[in-house]
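Chain and residue survey
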Amino acid sequence: MYRKIIILLSVIVSLLLIVVLSYNLFLYAGSRAYDFNGFRITDKSETVVHRKEVKDSSIRIKAHLLSTLSNKNAFLTNRAKLAKQDSIYLSFQIADSTLSLEMKGVALFTAKISQIKMSGIFKDIPDSVLNEWLSSPFTIKSSLSSIPKEDIVFRKAPKDTLEYMATATTPEAISFDPTYYRLSFDRGLDLYVLQQEEAPKAKRLFFRQLNLANLKTAADSILSGALPPFTPWIKIELKQEDALTIYRSLPNFGQMALSFK
Amino acid sequence: MKTQNSTLEKQINRTVAGQSYLVVNVSTNKFRLFTKGEMVREGLCSTGTNVLLTTDNEKKKWFFSTPKGMHTIIGKTTSPVWIKPDWAFVEEGLPIPPANSDLRYEYGVLGDYAMSLGHGYLIHGTLYKRFLGMPATHGCIRLDDEDLEVVYTTMSIGSKVFIF
């Protein structure tokens, strides 16, 4: 009896060791596993990441400055490109914690972000790869939201003045519904915008919708013989009014210029 | 690269450099007036109700929404007169009068000034000041009397109005 227990324990420990060793091998090979809403999703980097030891501090500082300037250059180039169009677009500066609506280069509205979280992958990507990824604007492919894009009221014209008097309404103050949404961009980026005010019921409902959508995407991938895709994400919290303004003002396939520095 | 960045910034800010412009937020019904890049006034306004009005047989439809985007002031008027379009009669259950009927003209309801954005959309005053800050119009932008006077005197024909 005891022998059987010892053998069983040995098998379990061996299996655990194999799993841990395999995970470390994966890390070395450049793959990452990220938890995201209960799913274990793997992503394979296309290039092996090697960290170079830069010992000379002045070279390190110059490299950092150059990287910052390159990042800013990419951001300004994208904004200049988007400013030539006739649409409203997003300008997202992570370092400044601001998310702005712009049009023709004019900042129409700037929201202050109270909290930012993002995928761990952004810490590990080399600056050169990141700047390449940021070198052109992102375009919204799809969105999922707790509020309608446009609040339209349907009204039938009254037949006569008596019906008009009976059904006439007065304008009402704006009511802000709990605002949570995900904007899925091309080139693999999801932006989650959550209101900072507490609304647990609405938040639960939104995340339930989100999880169902993610489940469907994962299931579709698995059925077609591929691993579920990993999409780097950025989650931000804004005031409810600001989140709603941004969502309702953006075109359906709006664009965004993004800067990390 | 610093020079390039500086050039790009100038390029981006070219649209309204040194000019006055108005920014209207239809989600919160607030406006801000800018002159030479500085905000000089902000306040409440009323914008479109987003009502889709249809006749009984659905042959005619009107959508009362303030159009988003960049607009230009194409005309300025003092003591404007409202020339009532068809929907103003339809929504009250009234018969539509002929185009040149006296019933089409209403005086004193648009305030002291009006600025035209084209396609029938105006920035004007209002008798219904208690509705400022709410979506209450058929697409026009309504301002309080004092705000309207400041905006009218600051903006000129060709000034930009950004609505989002």
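These numbers were taken from a predicted model, which means no experiment stands behind them.

Two pairing modes exist for strands in a sheet, parallel and antiparallel, and in both the strands are linked by backbone hydrogen bonds. Across the sheet, which stays open at both edges, the three strands sit in the order 8(A)-4(B)-5(B) with mixed pairing between neighbours. Strand pairing shows two members of the sheet lacking a second neighbour, strand 8 (153-156) of chain A together with strand 5 (61-64) of chain B, which therefore form its edges. Each strand axis lies, on average, 20° off the axis of its neighbour in the sheet, ignoring direction. In terms of strand pairing, strand 4 (residues 51-54) of chain B meets strand 5 of chain B through four bridges, oriented antiparallel.

In summary, the side chains of a regular strand alternate between the two faces of the sheet. Residues and elements named next belong to chain B. Among the six residues of strand 1 (residues 20-25), six are classified as buried, and the element is accordingly described as predominantly covered. In this sheet, strand 2 (residues 30-35) lies alongside strand 1 in antiparallel orientation, the contact comprising six bridges. Counted as the bridge partner of Val24 is Phe31 from strand 2. A loop of four residues connects strand 1 with strand 2, the two strands running antiparallel in sequence, and Asn29 in this loop sits at a positive phi of about 55°. Of the strand pairs in this sheet, strand 1 and strand 14 (residues 160-163) are connected by four bridges, and their pairing is parallel. Its bridge partner lying in strand 14, Leu22 is registered against Val161.

So, on to the confidence of the model for chain A. Model confidence for chain A is summarised by a mean pLDDT of 83, while 85% of its residues fall at 70 or above. For the stretch residues 26-54 of chain A, pLDDT sits under 50, and the model shows 49 contacts to residues farther than four places along the chain or on other chains.

On to helix 3 (residues 145-154) of chain B, then. In an α-helix, one full turn covers 3.6 residues, which means residues spaced three or four apart are oriented alike. All names here are of chain B. Turning to helix 3, its buried residues number three or more, namely Asp147, Leu148, Val151 and Tyr152. The arc that holds the buried residues of helix 3, viewed along the axis, is 130°, so those residues lie on one side. Turned more than 90 degrees away from the buried face of helix 3 sit Glu146 and Thr153, all of them exposed.

On to the pattern of salt bridges. What the rule picks out here adds up to ten salt bridges over all chains. Notably, a salt bridge pairs Lys30 of chain B with Glu241 of chain A, separated by 3.4 Å at the nearest N-O pair. Of this pair, Lys30 of chain B sits in strand 2 while Glu241 of chain A is found in helix 7 (residues 240-249), placing the two residues in two different chains. Connected via shared salt-bridge partners are Arg41, Glu146 and Asp147 of chain B.

About the cut-offs
- Residues numbered from 1 in each chain as written.
- Chains lettered and ligands numbered in written order.
- Predicted model: local features only at pLDDT ≥ 70, side-chain atom pairs only at ≥ 80, totals over all residues.
- Heavy atoms only, no water.
- Pairing = 2+ DSSP bridges.
- Helix = DSSP H or I, 4+ residues; strand = E, 2+ residues; numbered from the N terminus.
- Axes fitted to C-alpha atoms, helices over the stretch in contact; angles between N-to-C directions.
- Buried < 20%, exposed > 50% of the residue type's maximum accessible area, 1.4 Å probe, protein only.
- pLDDT = per-residue confidence, 0-100.
- Contact = heavy atoms within 4.5 Å.
- Arc of directions from axis to C-beta.
- Salt bridge = Lys/Arg side-chain N within 4 Å of Asp/Glu carboxyl O.

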